[in-house]
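Close look at the chain arrangement
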Amino acid sequence: MKDFSDPAACACFNLRKAARAVTQHYDEALKPCGLRTTQFSILAVLARLSPAPVARLSGALVMDRTTLTRNLKPLVGQGLVAILPGADDRRKRNVSLTAKGRKAFERALPHWQAVQKEMIGRITPTRWQRLEKDLGHTVRAAAES
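Keep in mind that this is a model prediction, so the values were computed, not measured.

A word on a nonpolar patch on the surface
- A contiguous nonpolar patch, built from Leu15, Leu131 and Leu135 and spanning about 210 Å² of accessible area, is present on the exposed surface.
- Positionally, Leu131 belongs in helix 6 (residues 125-143).
- Residue Leu131 is classed as partly exposed on the basis of its relative accessible area, which comes to 34%.

Observations regarding the pattern of salt bridges
- Applying the stated criterion to the full structure yields 3 salt bridges.
- Arg36 is paired through a salt bridge with Asp27; the nearest N and O atoms lie 3.1 Å apart.
- Between Lys31 and Glu28 there is a salt bridge; the shortest N-O distance is 3.5 Å.
- Using a relative accessible area of 55% as the deciding quantity, one classes Lys31 as exposed.

Conventions and cut-offs
Along each chain, residue indices are assigned from 1 in the same order as the chain's sequence is written. Two thresholds apply to this predicted model, a pLDDT of at least 70 for residue-level local features and 80 or more for giving and counting side-chain atom pairs, whereas whole-chain, interface and lining totals are computed over all residues. For side-chain calculations, the full set of non-hydrogen atoms in the structure is used, while hydrogens and water are omitted. By definition, no residue in a patch forms a salt bridge, and every one has over 30% relative accessible area; like charges are joined within 9 Å, nonpolar side chains (Val, Leu, Ile, Met, Phe, Trp, Tyr) within 5 Å. Exposure was quantified through the Shrake-Rupley algorithm and a 1.4 Å probe, taking into account, for residues, occlusion by the shown protein chains and nothing else. For salt bridges, the criterion is a side-chain nitrogen of Lys or Arg within 4 Å of an Asp or Glu carboxyl oxygen. Note on conventions: DSSP H or I runs of at least 4 residues are helices, E runs of at least 2 residues are strands, and numbering of each starts at the N terminus. Here the term buried applies to any residue with accessible area under 20% of the maximum for its type, exposed to any over 50%, and partly exposed to those in between, with areas from a 1.4 Å probe on protein chains only.

Structure representation (structure tokens):
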């Protein structure tokens, strides 16, 4: 068994380190599109859920509402997403992908697909399938706490 007094054995530390490395790689691939990985992820989720209440979007992204709001600001500023009052309850906000946002997502998608294919090739498809499943378990385990 590992010595859990060693911070290098920390699950959070290692997952965040891996996430940072992968994020940097994807950010570089998306640079020609003017999007960062976090922005692309929001656009991708909105491409499926739009319009989506802020709470649903934050849940889908596993992102707290404050962080989501901070990440949405530049996308709103660029005209890629719109935040509008809800139809039933004007206090609730719905986030929508704009036509410009859909075009930005579609322009970035081939770049994302290329880097995704590259990463899965480096990891190997078998390992990726296992990792994807394990990461899903990890997210659920953290949500239980």
